[in-house]
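# Overview (structure and organization)
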Amino acid sequence: MLTKFETKSNRVKGLSFHSKRPWILASLHSGVIQLWDYRMGTLIDKFDEHDGPVRGVHFHKSQPLFVSGGDDYKIKVWNYKLHRCLFTFLGHLDYIRTVQFHHEYPWIVSASDDQTIRIWNWQSRTCISVLTGHNHYVMCASFHPKEDLVVSASLDQTMNTDLFGGVDVVVKYVLEGHDRGVNWAAFHPTLPLIVSGADDRQVKLWRMNDTKAWEVDTLRGHMNNVSCVMFHAKQDIIVSNSEDKSIRVWDVTKRTGVQTFRREHDRFWILASHPEMNLLAAGHDSGMIVFKLERERPAFSISGDSMFYAKDRFLRFFEFPTQKDTQVIPIRRPGSTSLNQGPRTLSYSPTESAVILCSDVDGGSYELYVVPKDSMGRGDSMQEAKRGTGGSAIFVARNRFAVLDKSNNQVLVKNLKNEIIKKSSIPIAADAIFYAGTGNLLCRAEDRVVIFDLQQQRIVLVRDLCTSAPFTRPSVRVKSGAWDDNGVFIYTTLNHIKYCLPNGDSGIIRTLDVPIYITKVSGNNIFCLDRDGKNKVIVIDATEYIFKLSLIKKKFDNVMSMIRNSQLCGQAMIAYLQQKGFPEVALHFVKDEKTRFNLALESGNIQIAVASAKEIDEKDHWYRLGVEALRQGNAGIVEYTYQKTKNFERLSFLYLITGNMEKLSKMLKIAEVKNDVMGQFHNALYLGDVRERVKILENAGHLPLAYITASVHGLADVAERLSTELGDNVPALPEGKVPSLLMPPDPILCGADWPLLRVMKGIFEGGLDNIGKGSPDEDEEAADADWGEELDIVDVDDLQNGDIEAVLEDGDVPENDGEGGWDLEDLELPPEADTPKASVNARVFVAPTPGMPVHQIWIQRSSLAAEHAAAGNFDTAMRLLSRQLGIRNFAPLKPMFLGLHTGSHSFLRTFASSPVLSLAVERGWSESASPNVRGPPALVFNSSQLEEKLKAAYKATTTGKFTEALRLFLSILHTIPLIVVESRREVDEVKELVVIVKEYVLGLQMELKRKESKVDPVRQQELAAYFTHCNLQTPHLRLALQNAMTVCFRAKNLSTAANFARRLLETNPTNENQAKMARQVLQAAEKNMKDVSQLLNYDFRNPFVVCGATYVPIYRGQKDVSCPYCSSRFVPSQDGQLCTVCDLAVVGADASGLLCSPSQIR
């Protein structure tokens, strides 16, 4: 079984695949219907209108509809695009078991515990037929895929096949043969066969014709009730699942079991198959799995312009130039015709014309064929193959091949006679080997690959899989790949053809309807094999990645040619050019002024931004232009933007910091004309003009403030006049204070722009500007237009200043006498330094483009919550934890988030007036690392810290410091979601640690609760008893048993105390006092084996788990809900409440599971 997707949820009772999209519906025992994308592993939607379990669900073949039936006797038809129920069918009188759309007619068939089958018309919304042939619950009913038949299964031990299409529906056959109730029956997709599964643990195969139906055979092997059974659409096999926690695969022709897949704790209830693809799904007690029974990747080997591949028990030969496909020799498919027996890999030696086919038979085996030269195209000569066992087998030289012996962890080198020539031990636990040049092997382990030299018997190169694949993205499975003629790696995923450039940049070439396996890339043609082994040629457009490759290799002539002649465009291309330091190229792809404006701002091209802002002429764009110009220190354009937006406050402050006292004086007079008192006061303050400030305060009626200002600044004549006006209200000046004059500071750089980095004329600057232009005459005209554009900006600038002058000169506004020519004599041009430079072709100063922040690189590459928190992106970290573990209460995690963020950064102080610099600290950094490759963040939490805390918590538990022990265990539980480990083994250890800590937290909470409830002796005994059923270390279990034994013995419950004493003695206590006390309690109890109190809610004979909130037992068979993080169990009333054990997750929430290692994402 190849598991493709798995969920954790309440019991899944119904499943249905979408025919086109990678979606699956799962109906749960809790009443919720979930819509999952099994390819991406995400929950798309939830539908929650049924009251009680939903047992049946089915997608419509072509409409955006699905139907569901539940224990509320209702059948609901939903539109998943509108996210709502369209209508409800009422008519059944008991639970509805299954529902199904007809493949052609607007019908729905439903089976119910009211012993009827109903057929509904979902267009007219009426019940068109009621079938009443059964006398017990009808467990399922389904339409025949082609004929007008319905098959149904019932607990009355029969199956009915009903014929419809006439006036009424009639029973055609009644199939009897099962000894107990039948749970499922299904038609074969093409043959006249029916398969059934029942509570007698048997799967039966039936055949039918036009007049009768009869039993063909019985398949035995399940150990409990068979829940569901079905034919596989593409192979001669039957798949069944059962309450014995297994899925079994049966060979239809041989009527024997082929494979069995088991789960440890979950019973299976439902099966579903994809209508188009080779996918199956199974629902069980704690979720569902989507899986394939065997790999569909064809085995092939490329040799020059040809390819050998295996298909339909034949070795075939394909020539790429002529696309000629020929059959070479028949090959024996290893083993039986059962699953996973086909060739997995193929290796070819062109000089010896020999082929090795590897398969999974007997844990791994190979077959060696020598292809005769004269058999090409005939394909009729049967070869006797040389066989052997081994995990992988590949040619490493002309007449030598290597075989991986996994059991001894060594490589066997053999000749074409299948004789061992040499044995070499490899120092890593390899699971596969590949050809890496003559005499060399590429050995793949779980977390790394190495190149092994067979001659020298040593490793010559090691690469860590976590860091060596720059193009790997989370949740993307690479299906195949090949190098093209330019050194670009073209690869496929489930639904895309993608490329990866030598620097690690990747992108999408086109989408795919079905997966393909690339064999060769030649120019714009991709040669590939599909899952049926058919050769295909796909034509692609390679312009995008060739353009990017030319940029990387600095082949600027090619870039210029492609820009002129191709249709390269789109936001992705613009963003790429900008990111790679070619913003001037990106700007030439954009025509929309707003996009040009945004791009120019982001790339720091202030001149193009000015031109675009003039075209847009909106206040928001002028404001943003001013912010960017201020960042670059371009005071002239800042002034121009503030004038355009009439932002006089910012304009005054700009004149202050640039030391332009003349224009600051003009701003003072503008404020006076506008009657803006605060503006006047601020400008007077900036100018250091005390008399003007006193005048403003006096005119505003603030005489006391005016008097104090005049007095402090030594204006005796003004102060005396104001004192006379104030009379007795003269304010007193503070004593012992030394006044100081507020004067504007001297600007660092007066009257000019800040110096910027001078950039040489770019490779594209001349060439790109001429795109679309004709003769040199047109170029000259364009140049003239640009000079006119520059004057236009200066003109607008001075017009603003002209307005200011006009205000000062009593409102004399310059008149425009119509056609006044250029009228250059009237312009009062300011000094050159104050003029905004907006010529696009002029020599410019360009600010360096800022790179991508490290924290942004971290979150782009990672799906681990700890790394998002370390990057400071707490929102996405919380969303990840909510999706993965169902966490809703983040208060306990706040200090850890802050610690991760602080611990992954170092801070440097530069100058007193400048901000502190933040530097990212990377995990596993070394001096030899490339400065362009960013590693993941350094994390302050690790598994060794958890081990130390666990030891301290164990010690505190042993010494009876329960509050301290509980604090330590909870700290571990709160830290685990933010731990990152490297290997799969460590992931399993972390998951095991969650279970261990959860048990201790629950037990210690109950013990502390027991100590509080001193007035209730019955509750004290119950809690002490429950504590002994937590999964504790043996020394702690002994202490818990001794404690429970003592409490119950004192309360005269001798029978219960004796049970604890026996369990204590079974642990073989090393402390003699414990053993002695237990024996004494047993002796005392044997004299009077009774419990004084019969009120204890405790039955040690019946297995149970303890509710984490109410501390009551949940006995086997009772309903419960669990925490998606710590897996603590709760009574159903706690569904939706915060877990009281971990204090993080919501009980019963859907979650994908703990993600704490990059190895889980590969």
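In the nomenclature of an unreviewed UniProt entry, the protein corresponds to Coatomer subunit alpha from the organism Actinidia rufa. Quoted verbatim from the Subunit (unreviewed entry) field of the UniProt record, the comment on the protein reads "Oligomeric complex that consists of at least the alpha, beta, beta', gamma, delta, epsilon and zeta subunits."

## Let's talk about the sheet that holds strand E28 (residues 287-292)
Ordered in space as E1-E28-E27-E26, the four strands form an open sheet in which the pairing is antiparallel. Looking along the sheet, the strands with just one partner apiece sit at the ends: strand E1 (2-8) and strand E26 (268-273). Each adjacent strand pair in this sheet contributes to an overall mean axis angle of 20 degrees, direction not counted. Judged from the five bridges that link them, strand E27 (residues 280-284) and E28 form a sheet pairing that is antiparallel. Among the inter-strand pairings, Ala282 is bridged to a residue of E28, identified as Ile289.

## Some words on the pattern of salt bridges
All chains considered together, the criterion is met by 33 salt bridges. With a closest N to O distance of 3.0 Å, Glu367 and Arg387 form a salt bridge. Taken together, the residues span a long stretch of sequence, with Glu367 in strand E35 (residues 365-370) and Arg387 in strand E36 (residues 386-389) at a distance of 20 residues. By relative accessible area, Glu367 is classed as buried at 4%. Close ionic contact of Glu1022 with Arg1019 constitutes a salt bridge, the shortest N to O distance being 3.2 Å. With Glu1022 and Arg1019 both in helix H24 (residues 1017-1027), this residue pair falls three residues apart, about one helical turn. Via salt bridges that share partners, Glu6, Arg263 and Asp266 belong to a single interconnected network.

## Quick look at a nonpolar patch on the surface
On the surface, a nonpolar cluster with roughly 270 Å² of combined accessible area is contributed by Leu630, Phe653 and Ile657. Residue placement: Ile657 occurs in helix H9 (residues 648-657).

## A word on unusual backbone geometry
Here the phi dihedral of Gln323 falls at roughly 60 degrees; this positive angle occurs in a residue that is not glycine. Among the secondary structure elements, Gln323 is positioned in the loop between strand E31 (314-319) and strand E32 (324-330). For Gln323, a relative accessible area of 45% gives the class partly exposed. A positive phi angle, close to 55 degrees, is found at Asn1068, a residue other than glycine. Considering the arrangement of structural elements, one finds Asn1068 in the loop between helix H26 (1054-1066) and helix H27 (1072-1087).

## Considerations on the environment of Gln1118
Here Gln1118 lies in the loop between strand E55 (1113-1115) and strand E56 (1121-1122). Separated by 14 residues in the primary sequence, Gln1118 and Phe1104 place their C-alpha atoms 9.3 Å from one another.

## Brief notes about the packing of aromatic side chains
All told, the structure shown has 33 aromatic pairs when counted by the stated rule. Considering the side-chain rings of Phe101 and Trp122, the 6.1 Å spacing of their centres and the 85 degrees angle between planes classify their relative orientation as edge-to-face. Of the two residues, Phe101 sits in strand E10 (residues 96-101) while Trp122 sits in the loop between strand E12 (117-121) and strand E13 (126-131), which places them 21 residues apart along the sequence. Of the two residues, Phe101 and Trp122, neither departs from the other in class, the shared state being buried. Between Phe1104 and Tyr1115, the ring centres sit 5.5 Å apart and the planes meet at 70 degrees, which makes this aromatic pair edge-to-face.

Criteria and cut-off values
- Residues numbered from 1 in each chain as written.
- Predicted model: local features only at pLDDT ≥ 70, side-chain atom pairs only at ≥ 80, totals over all residues.
- Heavy atoms only, no water.
- UniProt positions renumbered as here; feature names shortened; annotations may be inferred.
- Pairing = 2+ DSSP bridges.
- Helix = DSSP H or I, 4+ residues; strand = E, 2+ residues; numbered from the N terminus.
- Axes fitted to C-alpha atoms, helices over the stretch in contact; angles between N-to-C directions.
- Salt bridge = Lys/Arg side-chain N within 4 Å of Asp/Glu carboxyl O.
- Buried < 20%, exposed > 50% of the residue type's maximum accessible area, 1.4 Å probe, protein only.
- Patch = residues over 30% accessible without salt bridge, like charges linked within 9 Å, V, L, I, M, F, W, Y side chains within 5 Å.
- Areas by Shrake-Rupley, 256 points an atom, 1.4 Å probe, with all protein chains shown as cover.
- Phe/Tyr/Trp six-rings, centres within 6.5 Å; stacked < 30°, edge-to-face > 60°.

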